[in-house]
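So the chains spell out like this:
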4 protein chains.
Amino acid sequence: MPKVTVEHRAARHDQIVAAARRCAIEQGFHKTTMADVIRESGLSAGAVYGYFKSKDELVAAIADQALSTVDKLFEGILATDQPLTPVAALEATLEHVVQIAEQPGGDVTRVALQAWAEAMHNDAIAGIAREKYTLLRRKFVAVAERGQADGTIDADTDPEYIGQVLFALIPGFLLQRLLLGDVSPRSFSIGLSALLK
Amino acid sequence: MPKVTVEHRAARHDQIVAAARRCAIEQGFHKTTMADVIRESGLSAGAVYGYFKSKDELVAAIADQALSTVDKLFEGILATDQPLTPVAALEATLEHVVQIAEQPGGDVTRVALQAWAEAMHNDAIAGIAREKYTLLRRKFVAVAERGQADGTIDADTDPEYIGQVLFALIPGFLLQRLLLGDVSPRSFSIGLSALLK
Amino acid sequence: MPKVTVEHRAARHDQIVAAARRCAIEQGFHKTTMADVIRESGLSAGAVYGYFKSKDELVAAIADQALSTVDKLFEGILATDQPLTPVAALEATLEHVVQIAEQPGGDVTRVALQAWAEAMHNDAIAGIAREKYTLLRRKFVAVAERGQADGTIDADTDPEYIGQVLFALIPGFLLQRLLLGDVSPRSFSIGLSALLK
Amino acid sequence: MPKVTVEHRAARHDQIVAAARRCAIEQGFHKTTMADVIRESGLSAGAVYGYFKSKDELVAAIADQALSTVDKLFEGILATDQPLTPVAALEATLEHVVQIAEQPGGDVTRVALQAWAEAMHNDAIAGIAREKYTLLRRKFVAVAERGQADGTIDADTDPEYIGQVLFALIPGFLLQRLLLGDVSPRSFSIGLSALLK
DNA sequence: GATGAATGAGTTTTCATTCAT
DNA sequence: GATGAATGAAAACTCATTCAT
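Just so it is clear, the model here is predicted, and its values are computed rather than measured. (Residues numbered from 1 in each chain as written. Chains lettered and ligands numbered in written order. Predicted model: local features only at pLDDT ≥ 70, side-chain atom pairs only at ≥ 80, totals over all residues. Heavy atoms only, no water.)

Bringing the overall build of chain A into the picture now. Scanning chain A from N- to C-terminus turns up ten helices and zero strands. Written out in order from the N terminus, the α and β elements of chain A read α-α-α-α-α-α-α-α-α-α. Projected onto its principal axes, the C-alpha coordinates of chain A cover approximately 60 × 40 × 30 Å. When the 197 residues of chain A are sorted by exposure, 56% land in the buried category. Put simply, of all contacts in chain A between residues at least 6 apart along the chain, 66% involve residues at least 24 apart. Here chain A has roughly 8600 Å² of accessible surface; of this, 53% comes from carbon and sulfur atoms. The distance from the centre of the 20 positive side-chain charges to the centre of the 25 negative ones in chain A is 7 Å. (Helix = DSSP H or I, 4+ residues; strand = E, 2+ residues; numbered from the N terminus. Buried < 20%, exposed > 50% of the residue type's maximum accessible area, 1.4 Å probe, protein only. Contact = heavy atoms within 4.5 Å. Areas by Shrake-Rupley, 256 points an atom, 1.4 Å probe, with all protein chains shown as cover. Lys, Arg positive; Asp, Glu negative; His and termini not counted. Charge placed at Lys NZ, Arg CZ, Asp CG, Glu CD.)

On to the pattern of salt bridges, then. As a working rule, side chains carrying opposite charge can pair if their charged atoms are close by. What the rule picks out here adds up to 36 salt bridges over all chains. One salt bridge connects Glu40(B) with Arg22(B), and the closest N-O pair in it is separated by 2.6 Å. One end of the pair, Glu40(B), is in helix 2 (residues 34-41); the other, Arg22(B), is in helix 1 (residues 6-31), with 18 residues separating them in the sequence. Classification of Glu40(B) as partly exposed rests on a relative accessible area of 38%. Residue classification places Arg22(B) among the partly exposed positions, given a relative accessible area of 33%. Between Arg186(B) and Glu91(B) there is a salt bridge whose closest N-O contact spans 3.2 Å. Here Glu91(B) lies in helix 6 (residues 86-101) and Arg186(B) lies in helix 10 (residues 185-196), a separation of 95 residues in the sequence. Sharing partners across several salt bridges, the network here consists of Glu102(A), Asp107(A) and Arg177(A). (Salt bridge = Lys/Arg side-chain N within 4 Å of Asp/Glu carboxyl O.)

This paragraph deals with the side chain of Ser41(A). All names here are of chain A. With respect to the helices and strands, Ser41 occurs in helix 2 (residues 34-41). A residue is classified by how much of its surface remains accessible, and Ser41, at 7% relative accessible area, is buried. A distance of 3.0 Å separates the side chain of Ser41 from the backbone oxygen of Ile38, its partner in a polar contact. Residues contacting Ser41, with those up to four places away along its chain left out, are Gln15, Ile16, Ala19 and Val48. (Polar contact = N/O pair within 3.5 Å; in protein donor to acceptor, adjacent residues only side chain to side chain.)

Glancing now at the interface of chain C and chain D. Facing 48 residues of chain C, the contacting portion of chain D comprises 48 residues. Regarding the contact of chain C and chain D, the summed buried area is about 4500 Å², with carbon and sulfur atoms giving 72% of it. It is Met120(C), Leu179(C) and Leu195(C) that lose the most area in chain C upon contact with chain D, and together they represent 17% of the buried surface on that side. Connecting chain C to chain D are four salt bridges. (Buried area = accessible area lost by both parts, 1.4 Å probe.)

Residue and element names in this part refer to chain A. Partitioning chain A into domains gives domain 1 (2-53) and domain 2 (66-196). Centre-to-centre separation of domain 1 and domain 2, based on C-alpha positions: 29 Å. Contact with domain 1, which involves seven residues of that partner, is made by nine residues of domain 2. At the boundary of domain 1 with domain 2, total buried surface from both sides reaches about 690 Å², with 63% on carbon and sulfur atoms. Considering only the surface of domain 1 that becomes buried against domain 2, Arg21, Ile25 and Phe29 emerge as the three largest contributors, covering 72% of it. (Domains from an automatic or database assignment.)

Each partner contributes to the interface: chain B provides 48 residues, whereas chain A provides 48 residues. Note on chain B versus chain A: buried area summed over both sides is about 4500 Å², and carbon and sulfur give 72% of it. Among the residues of chain B in contact with chain A, Met120(B), Leu179(B) and Leu195(B) are the three that bury the most area, contributing 17% of the side total. Taken together, chain B and chain A are joined by four salt bridges. With its nearest N and O atoms 3.4 Å apart, the salt bridge here joins Asp154(B) to Lys197(A). One can count 20 residue pairs in polar contact (both at pLDDT 80 or more) joining chain B with chain A. Put simply, the parts of the chain that give the side of chain B that touches chain A at least two residues each are helix 1, helix 7 (108-119), helix 8 (123-149), helix 9 (159-179) and helix 10 of chain B.

Aromatic rings in a pair are described by how distant their centres are and how their planes are angled relative to each other. Within the structure shown, the criterion is met by ten aromatic pairs over all chains. With centroids separated by 5.1 Å and ring planes inclined at 80°, the aromatic side chains of Phe173(A) and Phe188(A) adopt a geometry described as edge-to-face. Here Phe173(A), found in helix 9 (residues 159-179), pairs with Phe188(A), found in helix 10 (residues 185-196); they are 15 residues apart in sequence, far enough to count as distant. Accessibility expressed as a relative area gives 0% for Phe173(A), which makes it buried. On the basis of relative accessible area, Phe188(A) is assigned to the buried category, the value being 0%. Taking the centre distance of 5.7 Å and the plane angle of 55° together, the rings of Tyr133(B) and Phe167(B) count as tilted. Placement of the pair is Tyr133(B) in helix 8 and Phe167(B) in helix 9, with a sequence separation of 34 residues. Classification of Tyr133(B) by relative accessible area gives buried; the value is 7%. (Phe/Tyr/Trp six-rings, centres within 6.5 Å; stacked < 30°, edge-to-face > 60°.)

In the superposition of chain B on chain A (RMSD 0.2 Å, axial shift 0.0 Å), the rotation amounts to 180°. What we have between these two chains is a two-fold relation. In this assembly the copies share their binding face: 100% of the residues contributing to the interface of chain B also contribute to that of chain A. (Least-squares fit on C-alpha atoms with pLDDT ≥ 70 in both.)

This is how it looks when you write it as structure tokens:
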């Protein structure tokens, strides 16, 4: 009965990650104890350790999940054959970010923030962050290149630089959203539009 | 050692914060133990606890210090009577950020990142972050207003929105600098210029 | 070791209390460290803290146990339907006190003495002491009332007062026994008899 | 200038003991820290340690003082040539106890209670307690002997036993006073009188 | 496989005492 | 002598992890 077991295992795995994520959203990675996760997941200590060899591994899994949130963007709004202006690309991305943040189960972007901090001294998490964010930024480089191709963006500038700036607006939005709480995809796209005029 | 001057106390205080900061830069707030700080500071446990009642209080002090790093901007580049374009304001700010990051004693911006994460579940730190960042963002709102006044920026847009976008570039820069390591104030100002053209 | 019975838990609980009591008898509540209790109990730190959230809670448990020693009196000598004279009631009680004090495992009355001191600034312990001693004193009030009923004690006196006096002899005996070591239930009953003659 | 210094030293000594006693009344010997005593005394750490080599020595001094409270009885009510009945001796003693307890500066009898507990594992304090209480009890033995001499007490009983019983009423009173708070010298003398009738 | 009680190294914190000024 | 900052050993307590049942 391998299939059943595999599915069962996957379900358990997700159950633990979800529980751990809920804890991390509330209290952060470090104030969250394994006992918290065990309680929240409704499983036993032994069960949890059957899926994650250590707390570090579990933390990495939650961080990974939070950072991998951007993956869905690639299959959606930023799929390469759509001709997007910088403003449109940004607004679509921020709307996606907000949608993810508002999903039931708690605001994952808070976990992403933690993952950034963790990446400073955790190579596994740093690697994931680097990978995901390099990929996402590349999409904005592509947006810049397209703009240069159709003449709406100065063609003499390294599109990489333009991508850096456009990409920067995402963590910049996220931080303001979590810390100050007074930004929205709309306010950002309006603000950016005004600058580009 | 009685009759100690206020300066002496302040010096000791800073000595401890500096030691703690070095630890936090290396390992983060939470992997840093009080024993680490005590060893690094060259003081005794009792001495450290004479200045900070708990680890939490010490963490708050380091976070505060890291976030207060932006204060110097106000007395410098962003002093209100200089007519700065958005690009100039951004570049000056980012250069200041890099300069701070490269100061001997370790990259404080890594601590700022931790402070963001901590702010998610620590009201004291959240309060400081909110205060500092609101103030800094206001400077960029002022830059936008000046641009609107002299006709270089669309006057019909809420300058608050423009300030949000410009301010967003700072954490966006910082994160890319720490995570991807391939950005610079120059690349950012070039990228932003290209968009504004 | 999962699926542990309630009896097992109770046994562990008692094992810890017994160890702590032995320590408290030797060195008092305060000179006894958790490390002492842990060593004496043969368990680990974590195990002990699994049963008692703090040292204070453990101290309260030992104090409670020591004060609850008098409970057995109620089911024995002082059971209400036996017609006891004051002298008989006292002697029976003191004999019980001595018997308890001489039980293997150490003299619990030494712990009771500590509990009195502790009750001065520990409301939980004060509450228990008040409860137990009020109940015990009531038995002596009953003895007085019986004496008044059968004419052996002056009927015009508030039996409460007589109970106070009779009850006082118990801590008075205990203290002399522990401090001076030259009293016995016999010497007390002889002394009281002489006064009553 | 030895006399001035000696008096000054004595004053300082008492100032420290008084401060320590106030602390001990509030929180007990063990919860009282040297820092508490230092603060309460208004002196410096060094000064306090100039008078008492260690906390143990200071505790012994407070305990001694609290136990020595009974000394005044000998010069007063129990002075040997007064012909006292047991009831009169008891009431006078209890009145003295209450008067001492109600003196400004806090209820010293609470400290005496602590001293009893401490005596269980502190030989110095045990010695003092033994000495003082032996002496006090002897007074009650004398009262018994006088009663035997004038025929009011059975002459065939060892007066030592009678003294034990009478003396027992003092700690028994004290404990009820501190723990239950519903006894008085009057209620005790009435209760004892009733029994002796 | 699952359980969860038990482990014990490691952490934070306290506090009696000292000693440089 | 007096001061009180500093000391550091020792205390209370935590928590990731294991393993007997």
